[in-house]
Amino acid sequence: MQYITKDLIYQDYIDKTLDTVDVLWVMSSVEEFLSKKLDEKINLTEKIVELINADRPKIKLHRINDDYFFVMPYFTRHHSGYLVEYIYYIYREDGYIVTLYKEKPEFFKGIEHDIKNKKIGKLNVNKLLFYILEECCENYYSLSDWFMSELEKLESKIYDVYSISYLRNLLNFKNMVYRYAHIVNLSKYVVDDLNEIDMLAESKDSLSMVLNEKYRDASERLRFVLESANNVIESYVSIMDLKANEQMRFLTIVATLLMPLTVISGIYGMNFNNMPELRWRYGYFITLAVMAIITIIQIIYFKRKKWL
Amino acid sequence: MQYITKDLIYQDYIDKTLDTVDVLWVMSSVEEFLSKKLDEKINLTEKIVELINADRPKIKLHRINDDYFFVMPYFTRHHSGYLVEYIYYIYREDGYIVTLYKEKPEFFKGIEHDIKNKKIGKLNVNKLLFYILEECCENYYSLSDWFMSELEKLESKIYDVYSISYLRNLLNFKNMVYRYAHIVNLSKYVVDDLNEIDMLAESKDSLSMVLNEKYRDASERLRFVLESANNVIESYVSIMDLKANEQMRFLTIVATLLMPLTVISGIYGMNFNNMPELRWRYGYFITLAVMAIITIIQIIYFKRKKWL
Amino acid sequence: MQYITKDLIYQDYIDKTLDTVDVLWVMSSVEEFLSKKLDEKINLTEKIVELINADRPKIKLHRINDDYFFVMPYFTRHHSGYLVEYIYYIYREDGYIVTLYKEKPEFFKGIEHDIKNKKIGKLNVNKLLFYILEECCENYYSLSDWFMSELEKLESKIYDVYSISYLRNLLNFKNMVYRYAHIVNLSKYVVDDLNEIDMLAESKDSLSMVLNEKYRDASERLRFVLESANNVIESYVSIMDLKANEQMRFLTIVATLLMPLTVISGIYGMNFNNMPELRWRYGYFITLAVMAIITIIQIIYFKRKKWL
Amino acid sequence: MQYITKDLIYQDYIDKTLDTVDVLWVMSSVEEFLSKKLDEKINLTEKIVELINADRPKIKLHRINDDYFFVMPYFTRHHSGYLVEYIYYIYREDGYIVTLYKEKPEFFKGIEHDIKNKKIGKLNVNKLLFYILEECCENYYSLSDWFMSELEKLESKIYDVYSISYLRNLLNFKNMVYRYAHIVNLSKYVVDDLNEIDMLAESKDSLSMVLNEKYRDASERLRFVLESANNVIESYVSIMDLKANEQMRFLTIVATLLMPLTVISGIYGMNFNNMPELRWRYGYFITLAVMAIITIIQIIYFKRKKWL
Amino acid sequence: MQYITKDLIYQDYIDKTLDTVDVLWVMSSVEEFLSKKLDEKINLTEKIVELINADRPKIKLHRINDDYFFVMPYFTRHHSGYLVEYIYYIYREDGYIVTLYKEKPEFFKGIEHDIKNKKIGKLNVNKLLFYILEECCENYYSLSDWFMSELEKLESKIYDVYSISYLRNLLNFKNMVYRYAHIVNLSKYVVDDLNEIDMLAESKDSLSMVLNEKYRDASERLRFVLESANNVIESYVSIMDLKANEQMRFLTIVATLLMPLTVISGIYGMNFNNMPELRWRYGYFITLAVMAIITIIQIIYFKRKKWL
Ligand SMILES: [Mg+2]
Ligand SMILES: [Mg+2]
Ligand SMILES: [Mg+2]
Ligand SMILES: [Mg+2]
Ligand SMILES: [Mg+2]
Ligand SMILES: [Mg+2]
Ligand SMILES: [Mg+2]
Ligand SMILES: [Mg+2]
Ligand SMILES: [Mg+2]
Ligand SMILES: [Mg+2]
Ligand SMILES: [Mg+2]
Ligand SMILES: [Mg+2]
Ligand SMILES: [Mg+2]
Ligand SMILES: [Mg+2]
Ligand SMILES: [Mg+2]
Ligand SMILES: [Mg+2]
Ligand SMILES: [Mg+2]
Ligand SMILES: [Mg+2]
Ligand SMILES: [Mg+2]
Ligand SMILES: [Mg+2]
Ligand SMILES: [Mg+2]
Ligand SMILES: [Mg+2]
Ligand SMILES: [Mg+2]
Ligand SMILES: [Mg+2]
Ligand SMILES: [Mg+2]
Ligand SMILES: [Mg+2]
Ligand SMILES: [Mg+2]
Ligand SMILES: [Mg+2]
Ligand SMILES: [Mg+2]
Ligand SMILES: [Mg+2]
Ligand SMILES: [Mg+2]
């Protein structure tokens, strides 16, 4: 029989309990864990404490003698709509598993629920580890689903908006996806490394293989979101460029149509005493006609060049 | 002997039938399947029902104890010309295969036809699974053929059209290809995973190998369409850029040719009382000559710079 | 002893001949083959006829029971200079090989010649297959050589031409290379797949390995041509962009030099009754001097900005 | 028991000491080492001296008969904020390890400290080598952490600054990251090569595997920084392009709005004797009205085109 | 004992000499070799002569029965500063090695020198082959060192020069690096293929492994130069683009500041009889004031938009 506890995480309590149950799952917040001076009670905690207190925790499978210490990420979407990235820790020893976290992951509750409702068969340490890592991967799935729906929202506006703030949103979105894809990829390495050792060997053909495939899938899905975000950005930039070209063409046409007229009118606006054309009876009308002809010739030229 | 049915998919009927035939293929729409409360009759359906009801079904090989549940994509081109992506499900148990779908895939009918006409040798569950997956891959082949011919239609207009809507079509086409290439790639993973287990081991050197090669080919072909679409887009953008440069050059030449003339005519259009040149007999004609000379010098300069 | 024939491709003739020779090579055009109703005479031809009649033949190693059917590409350069891509078929059965083609590949004649001149040692079916595939790969080598020399011709003009049609040639060339590189890559997969089975196992350390290396080399060479074509295109686009920037700079300088002069002359061209400067004795000359000073200041500013 | 010395690195001293201790770690600066004419005392030093004196030392695992000579990089951040790259050398022989350096790496002191405080269990040559390489990798971790924080500083200004010097900083930063990522990647190859031989075989499942994972992680992290830097640069370029487009649009609108007005005023500024409109009573006001109407039509046109 | 000769390369001389020495190294220029009609004396030379006479020699390991024929590249820097690429050939038979070249590679002299000075232990054919291939790889190292120093020279000017010829130099440099990186990569395949066969098997853990690592390193280093050259080009293009944007902005500001002034002065330069403003006492000064106000408003607008 398994047992779940939150407060009684002293080594002697663990030892005592292990006599009566098959597997023990110790859950605790990092603060509680550190405040209880467990370093005196659970072996090897010096290294673990160091890992927990690191500034930028490294997602990794740490091997400490014959035991394993996992530093793994998970993601929570808050009511405000923001996505937050957390780190949790799994320490696996013979007979029990310790999980530490800043904020208890949602998916822990699902596992607890399944265990209580006997939806999960007979447990041992490795199977419990498997269920934790499997549910954690489902967390990454939901992350990529959320990203995908966000991207679809962003993409729907691509042909309408012409603003730097829209591009900024796209770029920020992509950077966020890139960062989280990288994090999930690191957690895939953890599972790969787990596979190379014989931890889940007793049931190799199912447990470790399933984990590998799931994490590969999660990583692949995030890569798909990332590439899609890249495509959206490249599309936006291409469209904006073509629009700018179109305006450029408009300016070119207007400017080259009107500049010769300006020159002509400038010439006959000069104040020289001796300018015979000015005294011609139809000088003004001839000039207007010449202007019209120049304009028509230019329009024909532009039509041929397919600029108009 | 094999047997195909659509309506009688109750577990007891299956059990009864399995006594008389070698392999049973149960086909049903998802609605029928769910409405008949099969969860009471076929084992493990709770997990399956959950997978079927998922919002964004994940293309994947699910392992449920010793049985396998496939979530696979297929594509149908409708009369309107639009391409629609569907999901179908394969559930493989000892002695029978259940396939579920929203809309019955075209390629199922081909297999049925072949079975009826005895074109396929003696069946067992694995061989039936092989035929379904093989025909499904042919569906992906026809998808990439259709994409290729669509792309050729689009590409034929590349040097004639100058519009944002054409670019939009290209970008949308590419995104569609990218999305479907990703989906087919996921289904390739399903077959890869299938290969790692011993399901088709009895005939390893033919069945699973053939599937692997076929799915790799389908994936490769879609990647080729994707790269070709990228090439078309990059070509279009390059050509549009060069055209814009050409117009820019035209504007540069016209503007720099005419601006000095505007300045000169502007100067002699000023109304100062004391402007000696205005009273020169040939002032106007000298000015016109100077304008012509400036223009000629500029043209020579541009010719040398190869701008003209 | 081996035997080569073109017309006598009936199954009974084949069976009869096989009693007297070690290996038989049957060559035929597809039309001849299909017209002779061989489907009655050679086994499995129904599947083969289907493959031969496909609209877009798929380059692939088809496994039909214990026999193999190859769909392979080859390339012919016509007198007109155009490159044409063909498909030929190899059907390998115990004791004989059937090759089908629209137009007899050049490299077949080389093999025939070598066989006649006894340059090739004792043949069997696998060795004959090896020679056909080896010579076919030499065809791909010559393809990449031709592409390379074409690219060198194109590249030599890169700094002189400024035209959309040149870019169009580059892009079309690249697309052609990309398409053929993809085709040769698919034929490399055929040889890879061939290697996985035990067809050439009797002489593993030489035959199949040599084929693998040769096809990898051909593929690698085409990839090199492709990347080189990409480099040429990117170079052309970069240079055209820099040229456009240079013209832009010229326009900027001319426009910003002359626009202030236009404004000044415009102001003193106004017809207000009360404009004191117009009546100044040296008003005109002072204005000219101011214009000159503004121009000089601007030129100094541009020099400092390194725009001039 | 292990022993650490700096000055007594003569071969006879080493031989003598090795009788009394299990493992010996000889540390020395390159200058000291070369000045003491050790080439007479330690075998194989001719090759080593050559490697040490190379202009551009190649990061590599050199195999010299049965011994190994490592050329490895490490990084030091100086007070001035600059990052400096150094090379150090590890020579592993039976029973002792020689490490040579220009400037003693910081992480050596950490290992010494751990050994003195007995934090490390019973040592042998391979375990000592392992600790050196492990701590060296921690040096690469801190490098990537520093890069990441530098990039975050740079990135925070991306939407505010519009200057070539900012782009220059970004590009220089990226080049530095690229260079160091390449160096760390080469050091990963050293550990990979180390894994292929049986040096750390005695404890294969822990030591060499841990090193491999650590170096792969360090390399992966630097690749992440590199890609992030690329993303920042691409973002900056995209935003600058969009800003330039926006200015272009502004110019287009102003120019095309005002140019027709210039032409009209130019026409009625001509000095022809016979220009009937000039004598109309409301000619001037009609002209102003026409100008206003043209401007309004243009504004409506621009609004429709979404340019305004 | 080994023996090196240049002129006596007749088969009977070789046979005779092989009785007295362990290993024989025959060096010859291709011309000498071909002129001496060795095809009568050394077996298999028909195929070899064909390979030597090929127009575009393919870098490759040719297997001719049980012997091996290498086509390998090497690079020589001439006094003029130009880099020249050559091909040399290695033919390995039992007991002797034939090397052919157009121009004797520099690194051959180094090996000869080492052999004469007994720096190399007891030789056999495989060890001699190993030394040749190893020294050849050092030639590639020096190639990448030279490229790197050339690139550093080019890069140092990146922020100062604004010219198409500089871009041209960068692009040509990159193309050269790309071409030679491709060639060295092909020679890496030769060593990879060599590794798969059992030629150097007698001493597998040292010789072939060392070659593999060395060639991978050389290839990796050239890839680094290539990527660095790409980075320099991309940087140059980005900087040139930003500079062009900056000039564009300058033009935009000048043009939009001055164009309204031109329109106003144009309006009051019209010659209508009835223009009341012209007769106002302070009309001219009011107009100048309006011009100043418009300019100031625009400057404020630009400041807000951060264009100024
Ligand atoms: Mg990535
Ligand atoms: Mg990616
Ligand atoms: Mg990708
Ligand atoms: Mg991409
Ligand atoms: Mg992709
Ligand atoms: Mg882009
Ligand atoms: Mg792709
Ligand atoms: Mg690709
Ligand atoms: Mg590509
Ligand atoms: Mg490709
Ligand atoms: Mg790209
Ligand atoms: Mg692009
Ligand atoms: Mg490529
Ligand atoms: Mg490239
Ligand atoms: Mg490449
Ligand atoms: Mg590419
Ligand atoms: Mg590009
Ligand atoms: Mg790299
Ligand atoms: Mg990278
Ligand atoms: Mg990446
Ligand atoms: Mg990327
Ligand atoms: Mg990129
Ligand atoms: Mg790149
Ligand atoms: Mg870019
Ligand atoms: Mg790009
Ligand atoms: Mg490359
Ligand atoms: Mg690269
Ligand atoms: Mg790279
Ligand atoms: Mg890169
Ligand atoms: Mg590349
Ligand atoms: Mg680029």
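Quick notes on the rules
Residues numbered from 1 in each chain as written. Chains lettered and ligands numbered in written order. Predicted model: local features only at pLDDT ≥ 70, side-chain atom pairs only at ≥ 80, totals over all residues. Heavy atoms only, no water. Contact = heavy atoms within 4.5 Å. Buried area = accessible area lost by both parts, 1.4 Å probe. Salt bridge = Lys/Arg side-chain N within 4 Å of Asp/Glu carboxyl O. Polar contact = N/O pair within 3.5 Å; in protein donor to acceptor, adjacent residues only side chain to side chain. Helix = DSSP H or I, 4+ residues; strand = E, 2+ residues; numbered from the N terminus. Nonpolar A, V, L, I, M, F, W, Y, C, P; charged D, E, K, R; others polar. Patch = residues over 30% accessible without salt bridge, like charges linked within 9 Å, V, L, I, M, F, W, Y side chains within 5 Å. Areas by Shrake-Rupley, 256 points an atom, 1.4 Å probe, with all protein chains shown as cover. Lys, Arg positive; Asp, Glu negative; His and termini not counted. Charge placed at Lys NZ, Arg CZ, Asp CG, Glu CD. Buried < 20%, exposed > 50% of the residue type's maximum accessible area, 1.4 Å probe, protein only. Pairing = 2+ DSSP bridges. Axes fitted to C-alpha atoms, helices over the stretch in contact; angles between N-to-C directions. Parallel < 35°, antiparallel > 145°, perpendicular 65-115°, else oblique. Left-handed = near helix turned anticlockwise from the far one by under 90°. Least-squares fit on C-alpha atoms with pLDDT ≥ 70 in both. pLDDT = per-residue confidence, 0-100. Disulfide = S-S within 2.5 Å. UniProt positions renumbered as here; feature names shortened; annotations may be inferred. Phe/Tyr/Trp six-rings, centres within 6.5 Å; stacked < 30°, edge-to-face > 60°.

Structural notes on the interface of chain D and chain A
On the side of chain A, 57 residues touch chain D, which itself brings 55 residues to the contact. For the chain D and chain A pair, buried surface summed over both sides reaches about 5,000 Å², with 62% attributable to carbon and sulfur atoms. Scanning the region where chain D abuts chain A turns up three salt bridges. Of the charged contacts, one joins R216 of chain D and D193 of chain A as a salt bridge, the two residues approaching to 3.3 Å between their closest N and O atoms. Connecting chain D to chain A are 13 residue pairs in polar contact (both at pLDDT 80 or more). Counting residues per element, the ones that place at least two in the side of chain D that touches chain A are helix 5 (125-155), helix 7 (207-267), helix 8 (276-279) and helix 9 (283-304) of chain D. Among the elements that make up the side of chain D that touches chain A, the one with the highest residue count is helix 7 of chain D (32 residues). For the side of chain D that touches chain A, the residue count by class is 22 nonpolar, 14 polar and 19 charged.

A short note on a negative patch on the surface
A surface patch of like charges, here negative, comprises E227 and E234 of chain A, E227 and E234 of chain B, E227 and E234 of chain C, E227 and E234 of chain D together with E227 and E234 of chain E. Going through the elements one at a time, helix 7 (207-267) of chain A, helix 7 (207-267) of chain B, helix 7 (207-267) of chain C, helix 7 of chain D together with helix 7 (207-267) of chain E are the ones with two or more residues in the negative patch. With respect to the secondary-structure elements, E227 of chain C resides in helix 7.

Points about the pattern of salt bridges
Following the criterion strictly, the structure yields 60 salt bridges over all chains and no others. When the shortest N-O distance is used, the salt bridge between E85 of chain B and R179 of chain B registers 3.1 Å. With E85 of chain B in strand 5 (residues 83-93) and R179 of chain B in helix 6 (residues 164-196), the pair connects residues that are 94 residues apart, well separated along the chain. Residues participating in the shared-partner salt-bridge network are D193 of chain A together with R216, D217 and R221 of chain D.

Quick word on the pairing of strand 6 (residues 96-101) of chain C
Residues and elements named next belong to chain C. Burial of strand 6 is extensive: six of the six residues sit out of reach of the surface. Across the two faces of strand 6 the burial is the same, with Y96, V98 and L100 and I97, T99 and Y101 all buried. Here six bridges tie strand 5 (residues 83-93) to strand 6, and the two strands are oriented antiparallel to one another. Pairing of Y88 across the sheet is with Y101, part of strand 6. Two successive antiparallel strands, strand 5 and strand 6, enclose a turn made up of two residues, where G95 displays a positive phi of approximately 90 degrees.

Re the packing of helix 7 of chain E against helix 9 (residues 283-304) of chain E
All names here are of chain E. Interhelical geometry of helix 7 versus helix 9 gives an angle of 160 degrees and a closest axis separation of 10 Å. Here helix 7 lies roughly antiparallel to helix 9, going by the angle between them. Handedness of the helix 7/helix 9 crossing: right-handed. Across from I253, T256, L257, P260, L261, I264 and S265 in helix 7, the residues of helix 9 making contact are T287, V290, M291, I294, T295, Q298, I299 and F302. Across the contact of helix 7 with helix 9, the residue classes tally to 10 nonpolar, five polar and no charged.

Re the interface of chain A and chain B
Taken together, the contacts link 55 residues of chain A with 57 residues of chain B. Roughly 5,000 Å² is buried in total at the junction of chain A and chain B, and carbon and sulfur atoms are behind 62% of that figure. If you sort the residues of chain A by the area they bury against chain B, Y159, L242 and F272 of chain A come out on top, with a joint share of 14%. Linking chain A with chain B are 12 residue pairs in polar contact (both at pLDDT 80 or more). For the side of chain A that touches chain B, the per-class residue count stands at 22 nonpolar, 14 polar and 19 charged.

A look at the environment of V30 of chain D
Within the secondary structure, V30 of chain D sits in helix 2 (residues 30-35). Separated by 71 residues in the primary sequence, V30 of chain D and Y101 of chain D place their C-alpha atoms 5.4 Å from one another.

Quick look at the relation of the copies chain D and chain A
Mapping chain D onto chain A is achieved by rotating through 72 degrees and translating by 0.1 Å along the same axis, at an RMSD of 0.1 Å. Given the turn and translation reported, the copies of this chain are related as if by a five-fold rotation axis. Across chain D, the rotation axis passes nearest the C-alpha of G269 of chain D, at a separation of 4.8 Å. Little of the interface of chain D is mirrored in chain A: 18% of its interface residues are interface residues there too.

Topic: the packing of helix 7 of chain A against helix 7 of chain D
Relative to each other, helix 7 of chain A and helix 7 of chain D sit at 25 degrees, their axes nearing to 9 Å. When the interaxial angle is binned, helix 7 of chain A and helix 7 of chain D end up roughly parallel. Crossing of helix 7 of chain A against helix 7 of chain D: the hand is left-handed. Tallied by class, the residues present in the contact of helix 7 of chain A with helix 7 of chain D amount to 19 nonpolar, nine polar and two charged.

Regarding unusual backbone geometry
All names here are of chain C. Even without being glycine, K306 reaches a positive phi, approximately 60 degrees. Position of K306 relative to the elements: it lies in the segment after helix 9 (283-304). The exposed category is assigned to K306, whose relative accessible area is 58%.

Focus on the environment of S238 of chain E
Here S238 of chain E lies in helix 7. Under the relative-accessibility criterion, S238 of chain E is labelled buried at 16%. Not counting residues up to four positions away in its chain, the partners in contact with S238 of chain E are L167 and V237 of chain D. Of the polar contacts made by the side chain of S238 of chain E, one reaches the backbone oxygen of E234 of chain E; its length is 2.9 Å.

Observations concerning a nonpolar patch on the surface
All names here are of chain A. A contiguous nonpolar surface patch, about 490 Å² in accessible area, is contributed by W280, Y282, F285, I286 and V290. Note on placement: I286 falls in helix 9 (residues 283-304). Overall, the relative accessible area of 43% leaves I286 in the partly exposed class.

Notes on the relation of the copies chain A and chain B
Expressed as a screw operation, the relation of chain A to chain B combines 0.0 Å of axial shift with a rotation of 72 degrees, fitting to an RMSD of 0.1 Å. When you check the interface residues of chain A against chain B, a mere 18% turn up at the interface there too, and the two sides of the contact use different surfaces.

Topic: the pairing of strand 6 (residues 96-101) of chain E
Sheet topology places strand 2 (residues 23-29) of chain E next to strand 6 of chain E; six bridges connect them, and they run parallel. Its bridge partner being in strand 6 of chain E, W25 of chain E is matched across the sheet by I97 of chain E.

Things to note about the confidence of the model for chain A
Taken residue by residue, chain A gives an average pLDDT of 82. The fraction at 70 or more is 85%. Overall fold confidence for the complex sits at a pTM of 0.83, while the interface term, ipTM, reaches 0.81.

Observations regarding the state of the cysteines
All names here are of chain A. Across all of its chains, the model carries zero disulfides over all chains by this definition. Unpaired in this structure, C137 has its nearest cysteine sulfur neighbour in C136, at a distance of 7.2 Å. Judged by relative accessible area, which is 0%, C137 ranks as buried.

Looking at the UniProt feature "transmembrane region" (unreviewed entry) in chain A
All names here are of chain A. With numbering aligned to this structure, UniProt lists the feature "transmembrane region" (unreviewed entry) at residues 250-270 and 282-302. Spanning residues 250-270, this segment combines 86% helix with 0% strand, and its end C-alpha atoms are found 31 Å apart. The span residues 282-302 is 95% helix and 0% strand, and its two end C-alpha atoms sit 30 Å from each other.

Focus on the packing of aromatic side chains
Taken as a whole and judged by the stated rule, the model has 140 aromatic pairs over all chains. With a centroid separation of 5.7 Å and 20 degrees between ring planes, the pair formed by F69 of chain A and Y89 of chain A is classed as stacked. Taken together, the residues span a long stretch of sequence, with F69 of chain A in strand 4 (residues 67-77) and Y89 of chain A in strand 5 (residues 83-93) at a distance of 20 residues. Judged by relative accessible area, which is 1%, F69 of chain A ranks as buried. Y89 of chain A gets classed as buried once you look at its relative accessible area, which sits at 3%. Aromatic pair Y282 of chain B and F285 of chain B: ring centres 6.4 Å apart, planes at 55 degrees, arrangement tilted. Looking at Y282 of chain B, the relative accessible area reads 48%, which means it is partly exposed.

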